[in-house]
Amino acid sequence: MEGRRIRAQARRRRRRGVAGTALGLAMASAGVHAFVPVVPIALAGVLTWLAGVLLWPDVAPRTRRQVLALLVAGSAGLVWAAANGEPLAWGRALAGNAALIGMLSAVGFLRLIAAPAGGGEERLPSGRRGVVGTLLGLHLFGAVVNLSTVFIMAHRMVRDGRLDDRQLRVLTRGFPAAAFWSPFFAAMAAALTYAPGAHLTPLLMVGVPLAAVALAVTAVELAREPLGDFRGYPLHWGSLWLPGVLAAIILAGHWWDPTLSVLGMITVLAPLLTAAVLPFRDPAPVRLLSRQVVARLPLMANELGLFLAAGMLAAGLEGVVATLGGWVPFAHFGGLQAGVVLALMVAVSLVGVHPVIGIAAFGTLLAPLSPDPSLLAMTFLAGWGIGVAVSPLSGLNLALQGAYDVAPARVVRLNWRYGVVMVAASTVAFVLYARLVPG
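These numbers were taken from a predicted model, which means no experiment stands behind them. (Residues numbered from 1 in each chain as written. Predicted model: local features only at pLDDT ≥ 70, side-chain atom pairs only at ≥ 80, totals over all residues. Heavy atoms only, no water.)

Draft legend 1. Just unusual backbone geometry, in detail. Not every positive phi belongs to a glycine, and S370 is a case in point at roughly 50°. A positive phi angle is found at D405, which is not glycine, with a value near 55°. Looking at the element boundaries, D405 is found in the loop between helix 18 (395-404) and helix 19 (408-436). Looking at D405, the relative accessible area reads 55%, which means it is exposed. (Helix = DSSP H or I, 4+ residues; strand = E, 2+ residues; numbered from the N terminus. Buried < 20%, exposed > 50% of the residue type's maximum accessible area, 1.4 Å probe, protein only.)

Draft legend 2. Here's a closer look at the packing of helix 2 (residues 41-55) against helix 5 (residues 98-107). Relative orientation of the contacting elements helix 2 and helix 5 amounts to 65°, with a least axis distance of 9 Å. In terms of axis orientation, helix 2 runs roughly perpendicular to helix 5. Crossing angle aside, the handedness with which helix 2 passes helix 5 is left-handed. Residues I41, A44, G45 and T48 of helix 2 form the contact with helix 5, whose own contacting residues are A98, A99 and I101. Across the contact of helix 2 with helix 5, the residue classes tally to five nonpolar, two polar and no charged. (Axes fitted to C-alpha atoms, helices over the stretch in contact; angles between N-to-C directions. Parallel < 35°, antiparallel > 145°, perpendicular 65-115°, else oblique. Left-handed = near helix turned anticlockwise from the far one by under 90°. Contact = heavy atoms within 4.5 Å. Nonpolar A, V, L, I, M, F, W, Y, C, P; charged D, E, K, R; others polar.)

Draft legend 3. A look at the confidence of the model for the chain. The pLDDT averaged across the chain works out to 88; a share of 95% of its residues lies at or above 70. Ranking the elements of the chain by mean pLDDT puts helix 7 (residues 148-157) last, at 81, and helix 17 (residues 373-390) first, at 97. (pLDDT = per-residue confidence, 0-100.)

Draft legend 4. Focus on the layout of surface pockets. Computed from the structure, the largest pocket encloses a volume of approximately 1,200 Å³. Of all elements in the fold, only helix 3 (61-83), helix 5, helix 13 (285-296), helix 14 (301-322), helix 17 and helix 18 reach the threshold of two or more residues within the lining of the largest pocket. Looking at the lining of the largest pocket, its residues break down into 21 nonpolar, 14 polar and four charged. As a volume, the second largest pocket reaches approximately 470 Å³. What lines the second largest pocket is a set of 25 residues, and nearest its centre among them are L192, T193, P196, S261 and L263. Elements with a contribution of two residues or more to the lining of the second largest pocket: helix 1 (2-35), helix 5, helix 9 (186-194) and helix 12 (262-277). For the lining of the second largest pocket, the residue count by class is 15 nonpolar, ten polar and no charged. (1 Å grid on protein atoms, 1.4 Å probe; cavity = no way out; pocket = protein on both sides within 12 Å on 5 of 7 lines; lining within 4 Å. Points joined across faces, edges and corners; volume = space filled by probe spheres on them.)

Draft legend 5. Quick look at the side chain of N415. Relative to the elements of secondary structure, N415 occurs in helix 19. A polar side-chain atom of N415 sits 3.0 Å from a polar atom in the side chain of T172. (Polar contact = N/O pair within 3.5 Å; in protein donor to acceptor, adjacent residues only side chain to side chain.)

Draft legend 6. Representation of the nonpolar core within the structure. Ranked by size, the top nonpolar core spans 134 residues in total, and within it F180 and W384 carry the most contacts. Per element, the largest residue contribution to this core is twelve residues, and it comes from helix 17. Those residues in contact with W384 that lie beyond four places of it in its chain are A179, F185, A186, A187, A190, F307, M345, H354, P355, V356 and I359. Counting residues in hydrophobic clusters, the runner-up holds five residues, among them L78, A93, M312 and A315. (Core = buried A, V, L, I, M, F, W, Y, C linked by side-chain atoms within 4.5 Å.)

Draft legend 7. Just the pattern of salt bridges, in detail. The tally for this structure, following the rule as stated, stands at ten salt bridges. Close ionic contact of R162 with D405 constitutes a salt bridge, the shortest N to O distance being 3.2 Å. Pair noted here: R162 is in the loop between helix 7 and helix 8 (165-174) and D405 is in the loop between helix 18 and helix 19, with a separation of 243 residues, a long-range link. R287 is paired through a salt bridge with D282; the nearest N and O atoms lie 4.0 Å apart. (Salt bridge = Lys/Arg side-chain N within 4 Å of Asp/Glu carboxyl O.)

Draft legend 8. Local environment of the packing of aromatic side chains. Applying the stated criterion to the full structure yields one aromatic pair. Note on F175 and F185: the rings are 5.3 Å apart at their centroids and 50° apart in plane angle, and the pair reads as tilted. With F175 in the loop between helix 8 and helix 9 and F185 in the loop between helix 8 and helix 9, the pair connects residues that are ten residues apart, well separated along the chain. An identical accessibility class is assigned to F175 and F185; each is buried. (Phe/Tyr/Trp six-rings, centres within 6.5 Å; stacked < 30°, edge-to-face > 60°.)

Draft legend 9. Expanded view of a positive patch on the surface. On the surface, a cluster of positive charge is contributed by R4, R7, R11, R12, R13 and R14. Here R11 is to be found in helix 1. Given the relative accessible area of 48%, R11 is considered partly exposed. (Patch = residues over 30% accessible without salt bridge, like charges linked within 9 Å, V, L, I, M, F, W, Y side chains within 5 Å. Areas by Shrake-Rupley, 256 points an atom, 1.4 Å probe, with all protein chains shown as cover. Lys, Arg positive; Asp, Glu negative; His and termini not counted. Charge placed at Lys NZ, Arg CZ, Asp CG, Glu CD.)

Draft legend 10. Focus on a nonpolar patch on the surface. On the surface, V32, F35, V36 and V38 cluster together into a nonpolar patch covering about 350 Å² of accessible area. Summarising the element assignment, V38 is placed in the loop between helix 1 and helix 2. Looking at V38, the relative accessible area reads 71%, which means it is exposed.

Draft legend 11. The packing of helix 8 against helix 18, seen in detail. One way to put it is that helix 8 packs onto helix 18 with a least axis distance of 10 Å and a crossing angle of 150°. By the criterion of interaxial angle, the relationship of helix 8 to helix 18 is roughly antiparallel. For the pair helix 8 and helix 18, the crossing hand works out as right-handed. Residue-level contacts link L168, L171 and T172 of helix 8 to L396, N397 and L400 of helix 18. Each residue belonging to the contact of helix 8 with helix 18 can be placed in one class, and the counts come to four nonpolar, two polar and no charged.

In structure tokens form, the structure reads like this:
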């Protein structure tokens, strides 16, 4: 019996190791394709699908149901399009999200050189300063290191295995608000994929103020409550300088040549910066980099499945839209229409629809309108940032529910007003952008 268990574990390690290697090669080929287009993106697509098949046993049951539903819907769309004489969008189905997946794989390497310091016996901050410091720290570190930041902090903040309402609001709002602007977030990768031609500068000009509004709304709301016993998280800002350098390089590159792929720059530079710095941080850098590929990359099985299936859905929708004789949901796409799309994305997130699904669907449906790609992309970013915070079925909130016994209804009760405020604030920002920067 013990021998069978050991053999099963060995097979699982080998399977995940091959999948991780495939993801690493897909990341490399997607990065090269961004600057040397002669290298086909289909190569990265094949490798990501190979990894997806190998990691299918590791996909959570709830996510598996969503993936299967998307694959069926996308395949049905392709069949419908073929039956109506439209060419099949196999290229999008195979590799439509390959660049997105490559960027996510690359950003994972930054965890090796950037993590929120602060632990051990260091005193936990409290009061208003503790709230503001924890919000800012969570937001900025989360913008780079992503979801693991939430649990690094929550582990120190928790009291008797539970998070109080104040801590829960900080964690469920401060982290996803980074989706409004962070070039290292999956939201940015998805937005740039389904709003091709979007520019980073306007996304930052709108996204950073919206993220500031999100943090300010939360801080002001909590300031009205007793905070003397609030347990925050002690931070050391020096850990952020390396990701800051990377962000500065990407912004400078985009300013110098706006045609440079932001996804491509991140995909190439994040692993290279990690490999350059790691020898000064650890005596065994090759071991850490190898472990990142064969052990850490396979942990994105759920996200990988969703992104692959969303690509299939987009391919099917593209075929269906082509058969509808030019039907589009709006006469044109301006600020108010962006607000409607945002409200719909947040609404469907409440029933567990992952943001990337809404992005793939609306990106495909609105493409015939030739919308301002930056306006469309900032809509997608806001939908991700708000939807993840308010939905009790988002990956973030499900993870907190499992780890700290957080009731789903509690997430909705604490965050629905925040969601309404942020949808309204985002719509105002979209309208102003559309008027000041006519498409």
